Amino acid sequence: MSVPDNDFFQQLAQMNQAMLEALRQEEWTLFSTLSSPYIDAIQKVLAQAQQETAAEKKKALLKRLHALQKNDDEIAQRVAARQASLKMQMSKLHQGKACCQQYAAQMPRPFD
């Protein structure tokens with residue numbers, strides 16, 4: 001089983017950092033674009049780590065993955081905060097729609 005090289009992990013680290021910066025700048029579309037290939041790459045590395053039989057290679061893979069997780073806490077917090085904000089905005093929109101419908105229901109209708 002081949003272990004991903006240093007260049008691969010450097011690319012993952014750069015992707016991780018770029019995602020974090022996109023979140024800090026509230027560039028949600030960019031974050032969305034960056035996250036999919038990053039997640040795919042991480043899943044491949046995790047699958048490889050699970051299949052790795054050599055203890056030293058497995059330990060090295062897990063150590064590198066742990067280093068990538070340093071930004072994951074902040075990423076998770078920022079995504080959760082954005083989700084909460086969007087949920088609140090959706091709730092306000094729903095309330096506004098209900099108020100408009102109630103108001104419109106009270107309006108007199110012209111006779112045809």
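Right above here is the structure, for reference.
Residues numbered from 1 in each chain as written. Predicted model: local features only at pLDDT ≥ 70, side-chain atom pairs only at ≥ 80, totals over all residues. Heavy atoms only, no water.

Undergrad: Give a description of the packing of aromatic side chains that names residues and reports values.
TA: A complete count under the given rule lists one aromatic pair for this structure. Seen from their ring centres, Phe8 and Phe9 are 5.9 Å apart, and the 85° between their planes marks the pair as edge-to-face. (Phe/Tyr/Trp six-rings, centres within 6.5 Å; stacked < 30°, edge-to-face > 60°.)

Undergrad: Tell me about the packing of helix H1 (residues 6-24) against helix H3 (residues 55-68), and name the residues and values.
TA: Between H1 and H3, the least distance of the axes is 10 Å, while the angle of their chain directions is 20°. When the axis of H1 is compared with that of H3, the two are roughly parallel. When you trace H1 past H3, the crossing you get is right-handed. Note on element contacts: H3 touches H1 through Leu61, Arg64, Leu65 and Leu68, opposite Asn6, Phe9, Leu12, Ala13 and Asn16. (Axes fitted to C-alpha atoms, helices over the stretch in contact; angles between N-to-C directions. Helix = DSSP H or I, 4+ residues; strand = E, 2+ residues; numbered from the N terminus. Parallel < 35°, antiparallel > 145°, perpendicular 65-115°, else oblique. Left-handed = near helix turned anticlockwise from the far one by under 90°. Contact = heavy atoms within 4.5 Å.)

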